[in-house]
Amino acid sequence: MGCPNITKNPGIVKGLSIIALGIVEMPYLTLSILEKPFNIHRLPADTPLPLEVTNSPFFILTRLDDTIFLILPEDITVPSLETDSNWVCIMVNILPHQDPAPILAHITAILAEKGIQTYITSGLDAYFFLVRVDQLITAKKALENARCRFLRAQKPEMVTSE
């Protein structure tokens, strides 16, 4: 394999991740786009979760000292202090033996290079990259050009953690 011009500065070279002193070629990654757009809600930390949230086929909950951040499909409404709309979710499944760090760095660098705003969170075996709906086509093309493949869109209820 030929090596592109690499300076002494670690960073991302198109299609390669440079980690410490070695070079790791990224394998083909398979990604999924969840079918529904999402909203990110901010709620007070003492807010009880409505039944609509816990019955939702997909939600992500993050709690800080005084705030709850809740990611929900846009068709589920909750009373919140603030709602940020029009996000779509790109899901990356990570196998148990895979080190997620270079994969996350690779995807993040590709999206950052295109100026795509992201919100990243994870589950046990999957990482979720939320990007703006109006940036999805650009994000998808950039990722496909970097050896990522996309499965057909998945409905949130089809996402499971095994």
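Residues numbered from 1 in each chain as written. Predicted model: local features only at pLDDT ≥ 70, side-chain atom pairs only at ≥ 80, totals over all residues. Heavy atoms only, no water.

Quick look at the pairing of strand 9 (residues 118-122) now. Of the pairings in the sheet, the one linking strand 9 to strand 10 (residues 126-132) comprises five bridges and is antiparallel in character. Opposite threonine 121, over in strand 10, you have phenylalanine 128 as the bridge partner. Between the antiparallel neighbours strand 9 and strand 10 lie three residues. (Pairing = 2+ DSSP bridges. Helix = DSSP H or I, 4+ residues; strand = E, 2+ residues; numbered from the N terminus.)

Once that is clear, we can look at unusual backbone geometry. In this model, asparagine 86 sits at a positive phi of 70°, which is unusual for a non-glycine residue. Residue position: asparagine 86 is located in strand 8 (residues 82-93). The partly exposed category is assigned to asparagine 86, whose relative accessible area is 43%. One non-glycine residue, arginine 147, lies in positive phi territory at about 75°. Considering the arrangement of structural elements, one finds arginine 147 in the loop between helix 3 (136-145) and strand 11 (148-150). (Buried < 20%, exposed > 50% of the residue type's maximum accessible area, 1.4 Å probe, protein only.)

The predicted model of the protein chain has a mean per-residue pLDDT of 80, with 77% of residues at 70 or higher. The least confident element of the protein chain is strand 2 (residues 16-19), whose mean pLDDT is 34; the most confident is strand 5 (residues 38-44), at 95. pLDDT under 50 marks residues 1-24. Its contacts with residues more than four places away, or in other chains, come to 26 contacts. (pLDDT = per-residue confidence, 0-100. Contact = heavy atoms within 4.5 Å.)

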